[in-house]
Amino acid sequence: MSHWFHRNPLKATGQQNFELKMFAHDSEALKIMSDLKQSRTRMLELLPDPHHTIDQVETALKLYMALLRGLILQPGETTAASKLSSALTFRWSESLLGTTTSQADAVFEVGSMLMNTAFWFMKHAAMLAAKQEIKMEEAKEVHSSLRKAAGIVKFVQDTLIPQLGEKSANGSDLDGRVCTAYMNQCTAEAQEVTIARAIELKHNPGLISALANETSKMFTTAADNLHTLDQKVFGHWRAYFELKSQFYLAYAYNYLGESLLAEDKCGDAIRCLQESQACHAKAGLMAIEYAKNKGPGTQAKPDKHNFFKRLAPMLTRTLEKCERENGFIYHQKVPYDPVELPLNAQTHGLVAPEQYEIPGVSPLWTTMAYAAFDESKLAADDKTKSKAAKKAEGDLKPVKEV
């Protein structure tokens, strides 16, 4: 599926040395700070390259998240907030806005790193799908990667965004609308894999139609969440969602037509195929508009892909067959209005995000290690830094992706 998926840039981040004032140089506390720095660096080394394995990324993420949670929660079986939660300032770029956000908030760091990891899973899926010949195991990994990405974004939206100390800027990666768009994108793209497989295995046309219709609606939901944001920035991404939605509507009507023909409802089948042709033509025009619409992210070319191109001749053949048979055998009236697509929330094969569970606080965070940090001097450097000095640091440079 080369050029089939649109992908936005990774987030860039400023260096974090994890330097905090202590009462005394406690070896356990020093080790935690050292491990935090190393595990964060490891994550930032892995994410620009989608060719790494899922296991490599998940192992590194688990280690960093377990250590980082000690900056949010106190040690032990407690939900009490840590005195260190706002001790360090983290800087991250916004993937679409291109601006840089600084927050003295460990929850902001967790959310930003998780969003970047979700982007890695999306890019990993696109990398595998771009192969000329994709094996069954690779198709399963594409499907799994997209579900994992959706689950991570859902966790950020449901759990972390409400805990942020400062409200996120409009259009930032931690804006609820942007998160909803990403979650629907990942889920819909995972369903694209399911549809391609169902077509390949010649499953029931009614099932394929229902899946395609649900997928079209997910892309529409993703697009709708971007309508209230700056279209100079988000218009390109939104155009991708809208053309994908129209394309899967064409598939939904095509396979509903096939299903109705099998039930000898030839007039309804002809109307479905006519509607499918109209949707496919509209999707082709939208693909041209998407290509013209400049904005952040990759330039997908779905209209150049075989999966897109093969629908038109398939539609023509089936429509000609229907019209021929209706003229000779059925003599059924073709309805003026399009046939309603079946709404089936219980459709077999619908994708759900894979639930992400953040690891517990690392056992390195003992009560002794936590007590070593001097509350009176916490964030002395960060909090005395003037706004002018922070502004002088400028925006972060984009990540060089492989």
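It should be emphasised that the depicted structure is a prediction, and the values quoted were computed from it without experimental measurement.

> Outline the overall build of the chain, listing residues and values.
Assigned secondary structure in the chain consists of 13 helices and two strands. Its C-alpha atoms put the chain at 95 × 40 × 35 Å along the principal axes. For the chain, buried positions account for 53% of its 402 residues. Here the analysis covers contacts within the chain between residues at least 6 apart in sequence; of these, 79% occur between residues at least 24 apart. Carbon and sulfur atoms provide 53% of the accessible area of the chain, an area that totals close to 18,900 Å². The average position of the 47 basic charges and that of the 48 acidic charges among the side chains of the chain differ by 4 Å.

> Any details on the pattern of salt bridges? Residues and values, ideally.
Scanning all chains against the criterion turns up 19 salt bridges. Note that Lys 148 is salt-bridged to Glu 354, the shortest N-O span being 3.1 Å. Of this pair, Lys 148 sits in helix α4 (residues 136–160) while Glu 354 sits in the loop between α10 (311–330) and α11 (367–371), placing them 206 residues apart in sequence. Arg 177 is the salt-bridge partner of Asp 175, the closest N and O atoms lying 2.8 Å from each other. When its relative accessible area of 23% is taken as the criterion, Arg 177 is described as partly exposed. In this structure, a network of salt bridges that share partners links the residues Lys 11, Glu 94 and Asp 173.

> Mind laying out helix α2 (residues 54–68), listing which residues take part and the relevant values?
Taking 1.5 Å per residue as the helical rise, α2 with its 15 residues ought to reach 21 Å, and the 21 Å between its terminal C-alpha atoms agrees with that figure. If you follow the buried residues of α2, they end up packed against α1 (27–46), β1 (90–93), α3 (106–129) and α4.

> Lay out unusual backbone geometry in plain terms, naming residues and giving numbers.
A positive phi angle, near 55°, is found at Lys 202, a position not held by glycine. Given a relative accessible area of 72%, Lys 202 falls into the exposed group. Backbone geometry at Asp 264 places phi at a positive 65°, although glycine is not the residue there.

> Go over the pairing of strand β2 (residues 100–103), please, and point to the residues and values.
For β1 and β2, the ladder comprises four bridges, and the chain directions are antiparallel. Across the sheet, residue Phe 90 finds its bridge partner in β2, namely Gln 103. Counted between consecutive antiparallel strands, the loop separating β1 from β2 contains six residues, among which Gly 98 sits at a positive phi close to 80°.

> So what's going on with the packing of aromatic side chains? Which residues, and what values?
One pass over the full model with this rule turns up 17 aromatic pairs. Seen from their ring centres, Trp 4 and Phe 247 are 5.5 Å apart, and the 75° between their planes marks the pair as edge-to-face. Of this pair, Trp 4 sits in the segment before α1 while Phe 247 is found in helix α7 (residues 231–262), placing the two residues 243 residues apart along the sequence. Across the pair, Phe 247 and Trp 4 agree in class, each one buried. When the ring of Trp 365 is compared with that of Phe 373, the centres are 6.1 Å apart and the planes differ by 40°; the resulting orientation is tilted. Accessibility classification places Trp 365 together with Phe 373 in one group, the buried group. In this structure an aromatic cluster arises from ring pairing among Trp 4, Phe 119, Tyr 182, Phe 219, Trp 237, Tyr 240, Phe 241, Phe 247, Tyr 248, Tyr 251, Tyr 255 and Tyr 290.

> I'd love a proper account of the nonpolar core, names of residues and values included.
In this structure, Met 65, Leu 71, Leu 114, Trp 237 and Tyr 251 are the most contacted members of the largest nonpolar core, which totals 126 residues. Among all residues touching Leu 71, those that are not within four sequence positions of it are Phe 18, Leu 36, Ser 82, Leu 84, Ser 85, Leu 88, Phe 90, Ala 106 and Trp 365.

> Describe the packing of α3 against helix α5 (residues 176–200), listing the residues and the values that go with them.
Two elements in contact, α3 and α5, have axes whose closest approach is 12 Å; the angle formed by their N-to-C orientations is 25°. With respect to α5, the axis of α3 lies roughly parallel. Here the hand of the crossing between α3 and α5 comes out left-handed. Across from Met 115, Phe 119 and Met 122 in α3, the residues of α5 making contact are Cys 179, Tyr 182, Gln 185 and Cys 186. Of the residues that constitute the contact of α3 with α5, the class distribution is six nonpolar, one polar and no charged.

> So what about the confidence of the model for the chain? Which residues, and what values?
Per-residue pLDDT for the chain averages 89, and the proportion of residues at 70 or more is 94%. The spread of mean pLDDT over the elements of the chain runs between helix α12 (residues 380–384), the lowest at 48, and α2, the highest at 98.

> Talk me through the environment of Val 351; I want residue IDs and the actual numbers.
Residue position: Val 351 is located in the loop between α10 and α11. Val 351 sits in the buried class, given a relative accessible area of 11%. Val 351 sits 180 residues away from Gly 171 along the chain, and the two C-alpha atoms are 26 Å apart.

> I'd like to hear about the packing of α5 against α7, residue by residue, with values.
Where α5 meets α7, the closest approach of the two axes is 12 Å, and the angle between their N-to-C directions is 35°. Note on packing geometry: the crossing formed by α5 with α7 is left-handed. Here Val 178, Ala 181, Tyr 182, Gln 185, Glu 189, Glu 192, Ile 195 and Ile 199 of α5 lie close against α7, whose contacting residues are Phe 234, Trp 237, Tyr 240, Phe 241, Lys 244, Tyr 248, Tyr 251 and Tyr 255. The class makeup of the residues in the contact of α5 with α7 is twelve nonpolar, one polar and three charged.

> How would you summarise the side chain of His 236 if you had to cite specific residues and measurements?
Here His 236 is to be found in helix α7. Relative accessible area serves as the criterion here: at 1%, His 236 is assigned to the buried category. Looking at His 236, its side chain comes within polar contact range of the main-chain oxygen of Tyr 290, at 3.4 Å. When near neighbours in sequence (up to four residues on either side) are disregarded, His 236 contacts His 6, Tyr 290, Asn 293, Lys 294, Gly 295, Pro 296, Gly 297, Thr 298 and Gln 299.

What counts and how
- Residues numbered from 1 in each chain as written.
- Predicted model: local features only at pLDDT ≥ 70, side-chain atom pairs only at ≥ 80, totals over all residues.
- Heavy atoms only, no water.
- Helix = DSSP H or I, 4+ residues; strand = E, 2+ residues; numbered from the N terminus.
- Buried < 20%, exposed > 50% of the residue type's maximum accessible area, 1.4 Å probe, protein only.
- Contact = heavy atoms within 4.5 Å.
- Areas by Shrake-Rupley, 256 points an atom, 1.4 Å probe, with all protein chains shown as cover.
- Lys, Arg positive; Asp, Glu negative; His and termini not counted.
- Charge placed at Lys NZ, Arg CZ, Asp CG, Glu CD.
- Salt bridge = Lys/Arg side-chain N within 4 Å of Asp/Glu carboxyl O.
- Expected span 1.5 Å × (residues − 1).
- Pairing = 2+ DSSP bridges.
- Phe/Tyr/Trp six-rings, centres within 6.5 Å; stacked < 30°, edge-to-face > 60°.
- Core = buried A, V, L, I, M, F, W, Y, C linked by side-chain atoms within 4.5 Å.
- Axes fitted to C-alpha atoms, helices over the stretch in contact; angles between N-to-C directions.
- Parallel < 35°, antiparallel > 145°, perpendicular 65-115°, else oblique.
- Left-handed = near helix turned anticlockwise from the far one by under 90°.
- Nonpolar A, V, L, I, M, F, W, Y, C, P; charged D, E, K, R; others polar.
- pLDDT = per-residue confidence, 0-100.
- Polar contact = N/O pair within 3.5 Å; in protein donor to acceptor, adjacent residues only side chain to side chain.

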